[in-house]
Amino acid sequence: MTGRVETAGGKVYELPALLEWRLRRTGGVPCDSFRARCLYSAEMGEVLKAACRFAATENGVTRFRGVIDEWSAVCGAEGTVLTVEGRGMAALLLDNEAEAVTYQRAALSEILKDHAAACGVAWEPRGEVYGTGEYAVASGSSRWKAIEGFARRCGLTPYFTREGVLCLRGTAEGRRLVLEEPEGVIEASYRDRRYGVLSEVTAVNRAKKLRQTVRNETFLARGGSCRRVVYVPSRSVNELRYTGRYQIEKSAEDARGLTVTLAGSVDAEPTDRVELSLARLGVRGTFRVSETLHTLSARGETTELTLWEV
């Protein structure tokens, strides 16, 4: 693994050999993050003061690209060591606030131009997608929220690649991997959470006397009971239905989760689907990769996968 920093003017500087690294990939929110350490020399100070981006590559392939939030140099028993930390490119959308605006009939390209391009974020081309009805960006919303809200109405999920490019994917997209009793398991844990999972959501618009109830049939069949009433200024029953469904999905998305730490590097990305079995835990099924954590330390290289059952 090699690291480099980039300035706002486009200049690129290679860092000395990395002593440690920590690359956390979520693809969205919470944001990707990185931490890298290498030896430091005094002449690097001026370069680092001008640096705003970090990239990690391995065998010519980009493993991470993100925004530098902080760097520090410390003299100690190990010598003088530089630590660079930051987040993925989604940070640019999360840190910048959007102006309140209502789109009469928004198109995906228009939303991306207004919010991604304004922050210097590149995106992967995709066929044009139009929303139904009006789409409002509320005052105080981040540019990420403006893009995410529109994308989810269209059945898409915003996602950042390892190269820092914004993509919008459907639920069925992403690779399919198989891990049958994977070798090198250092630790594994399975969790089945009931608390906080919603069984039913009723979305209400008092002004127009509209209401829509959405039920979580899977959770209800297991004896779950947790109802919510949400008051929203939606303009149609379809929008109310979307609100209810979204609330239920968010409450249950990490209810059944598996965390596996493996020795070495595992090529898995957020949104990938994994067919996995672990006899020791009695776990077998299909999981979606929620997060990957690649780490190199004195103990060696490891990959931690956070998986949600689907």
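My aim in this report is to walk through the structure given alongside it, one point at a time. All figures in this text were calculated on a predicted structure; none of them were measured in a lab.

About the criteria used
- Residues numbered from 1 in each chain as written.
- Predicted model: local features only at pLDDT ≥ 70, side-chain atom pairs only at ≥ 80, totals over all residues.
- Heavy atoms only, no water.
- Core = buried A, V, L, I, M, F, W, Y, C linked by side-chain atoms within 4.5 Å.
- Buried < 20%, exposed > 50% of the residue type's maximum accessible area, 1.4 Å probe, protein only.
- Helix = DSSP H or I, 4+ residues; strand = E, 2+ residues; numbered from the N terminus.
- Pairing = 2+ DSSP bridges.
- Axes fitted to C-alpha atoms, helices over the stretch in contact; angles between N-to-C directions.
- Contact = heavy atoms within 4.5 Å.
- Parallel < 35°, antiparallel > 145°, perpendicular 65-115°, else oblique.
- Nonpolar A, V, L, I, M, F, W, Y, C, P; charged D, E, K, R; others polar.
- Polar contact = N/O pair within 3.5 Å; in protein donor to acceptor, adjacent residues only side chain to side chain.
- Disulfide = S-S within 2.5 Å.

## Thoughts on the nonpolar core
Within the largest apolar cluster, 28 residues are counted, with the highest numbers of intra-cluster contacts made by Val121 and Phe160. Elements supplying a minimum of two residues to this core: helix H2 (90-94), helix H3 (108-115), strand E9 (135-137), helix H4 (143-153), strand E10 (156-160) and strand E11 (166-170). At 5 residues, H4 tops the list of elements feeding residues into this core. Membership of the second largest hydrophobic core comes to 19 residues, among which are Leu18, Ala36, Cys38 and Ile68.

## Notes on the sheet that holds strand E14 (residues 200-205)
Judged by pairing direction, the sheet is mixed, and its 3 strands sit side by side in the order E15-E14-E16 without closing on themselves. Each of the sheet's edge strands pairs with one partner strand only, and the pair in question is strand E15 (210-215) and strand E16 (227-231). For this sheet, the mean inter-axis angle between neighbouring strands, taken without regard to orientation, is 15 degrees. In terms of strand pairing, E14 meets E15 through 6 bridges, oriented antiparallel. Considered in E15, the bridge of Asn205 is made with Leu210. Sitting on the sheet, helix H6 (residues 237-252) is in contact with E14, E15 and E16, with an inclination near 35 degrees to E15.

## Some points on the packing of H4 against H6
Following both chains from N to C, one finds H4 and H6 inclined at 105 degrees, their axes separated by 11 Å at the closest point. Comparing the axis directions of H4 and H6 gives the class roughly perpendicular. On the side of H4, the interface is formed by Gly149, Arg152 and Arg153, while H6 contributes Glu239, Tyr242 and Tyr246. Looking at side-chain class alone, the contact of H4 with H6 contains 2 nonpolar, 1 polar and 3 charged residues.

## Details of the side chain of His294
Within the secondary structure, His294 is located in strand E19 (residues 283-297). At 3.2 Å, the side chain of His294 and the side chain of Thr303 are in polar contact. With near-sequence residues (within four places) excluded, His294 lies in contact with Trp21, Arg22, Leu23, Arg63, Ser265, Val266, Thr302 and Thr303.

## Looking at the packing of H3 against H4
Where H3 meets H4, the axes come as close as 10 Å, and the angle between the chain directions of the two elements is 175 degrees. The orientation of H3 with respect to H4, classified from their angle, is roughly antiparallel. On H4, the residues touching Leu108, Ile111, Leu112, Asp114 and His115 of H3 are Arg143, Ala146, Ile147 and Phe150. Its residues assigned to classes, the contact of H3 with H4 comprises 6 nonpolar, 1 polar and 2 charged.

## Re the state of the cysteines
Applying the stated criterion to the full structure yields 0 disulfides. Free cysteine Cys38: the closest other cysteine sulfur is in Cys75, separated by 14 Å.

## Structural notes on the pairing of E14
Residues in a regular strand project their side chains so that they alternate between the two faces of the sheet. Most of E14 sits inside the fold, with 6 of its 6 residues counted as buried. On E14, burial covers both faces: Glu200, Thr202 and Val204 on one face and Val201, Ala203 and Asn205 on the other are all buried. Note: E14 against E16, 5 bridges, orientation parallel. Looking at the pairing, Val204 lines up with Tyr231 of E16.

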